[in-house]
Amino acid sequence: QVQVVESGGGLAQAGGSLRLSCAASGNIFSINDMGWYRQAPEKQRELVAVITSGGTIRYADSVKGRFTITRDNAKNTADLQMNSLKPEDTAVYYCNVEDRGSIYGDIYDYWGQGTQVTVSS
């Protein structure tokens, strides 16, 4: 099994910044994608940003130009730098890790417990 732990959430004012960190550990074979998702109360979980092992990145339109995702393949970590925060960014943020289970190419999804981000106006 792979364990995923997020950190860095908290309270910020509109226009402020936070940096979220995600660390994967355990029985890692080979991580493909690492991504950040968020879920606000009474809303569906949505993709925020995803980065492949090769460095290809995709952002949600709502965060383009404000958020930056990075990763360290050697350390199995991924960070999300969030700048120019808005109240609508308030949500629980989850880290998602896609790991190859074996040489056969099977891929499994792992999720962290989530970290709360609250942005006040």
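See above for the structure.
Residues numbered from 1 in each chain as written. Predicted model: local features only at pLDDT ≥ 70, side-chain atom pairs only at ≥ 80, totals over all residues. Heavy atoms only, no water.

A. Region of the structure containing the pattern of salt bridges. Tallying each qualifying case throughout the model produces five salt bridges. A salt bridge links Asp-89 to Arg-66, with the shortest nitrogen-to-oxygen separation between them at 2.8 Å. Of this pair, Asp-89 sits in the loop between strand E8 (77-82) and strand E9 (91-100) while Arg-66 is found in the loop between strand E6 (57-59) and strand E7 (67-72), placing the two residues 23 residues apart along the sequence. Each member of the pair, Asp-89 as well as Arg-66, is classed as buried. When salt bridges with common partners are traced through the structure, they connect Arg-38, Glu-46, Arg-66 and Asp-89 into a single cluster. (Salt bridge = Lys/Arg side-chain N within 4 Å of Asp/Glu carboxyl O. Helix = DSSP H or I, 4+ residues; strand = E, 2+ residues; numbered from the N terminus. Buried < 20%, exposed > 50% of the residue type's maximum accessible area, 1.4 Å probe, protein only.)

B. Quick peek at the nonpolar core. In this structure, Trp-36, Leu-80, Met-82 and Tyr-93 are the most contacted members of the largest nonpolar core, which totals 29 residues. Within the residue set of this core, elements represented by two or more residues are strand E1 (2-7), strand E3 (18-26), strand E4 (30-39), strand E5 (46-51), E7, E8, E9 and strand E11 (115-120). Every residue in contact with Tyr-93, bar those within four places of it in the chain, is listed here: Glu-6, Leu-20, Trp-36, Tyr-37, Arg-38, Val-48, Phe-67, Leu-80, Met-82, Gly-114, Thr-115 and Val-117. (Core = buried A, V, L, I, M, F, W, Y, C linked by side-chain atoms within 4.5 Å. Contact = heavy atoms within 4.5 Å.)

C. Unusual backbone geometry, seen in detail. The backbone of Glu-42 shows a phi angle near 65°, a positive value even though the residue is not glycine. By secondary structure assignment, the location of Glu-42 is in the loop between E4 and E5. With a phi angle near 50°, Ser-84 is a residue other than glycine that sits in the positive phi range. With relative accessibility at 40%, the residue Ser-84 sits in the partly exposed group.

D. Quick look at the side chain of Thr-115. Within the element layout of this structure, Thr-115 appears in strand E11. Polar contacts involving the side chain of Thr-115 include one to the main-chain amide nitrogen of Gly-9, which spans 3.3 Å. Apart from the residues within four sequence positions on either side, Thr-115 is in contact with Glu-6, Gly-9, Leu-20, Ala-91, Val-92 and Tyr-93. (Polar contact = N/O pair within 3.5 Å; in protein donor to acceptor, adjacent residues only side chain to side chain.)

E. View of the pairing of E1. Along E1, the buried face is formed by Val-2, Val-4 and Glu-6; none of Gln-3, Val-5 and Ser-7, which line the opposite face, is buried. As paired strands, E1 and E3 are joined by six bridges and run antiparallel to one another. Bridge pairing links Gln-3 to Ser-25 in E3. (Pairing = 2+ DSSP bridges.)

F. Representation of a nonpolar patch on the surface within the structure. On the surface, a cluster of nonpolar side chains totalling about 420 Å² of accessible area is made up of Phe-29, Ile-103 and Tyr-104. Here Tyr-104 falls in the exposed class, since its relative accessible area comes to 74%. (Patch = residues over 30% accessible without salt bridge, like charges linked within 9 Å, V, L, I, M, F, W, Y side chains within 5 Å. Areas by Shrake-Rupley, 256 points an atom, 1.4 Å probe, with all protein chains shown as cover.)

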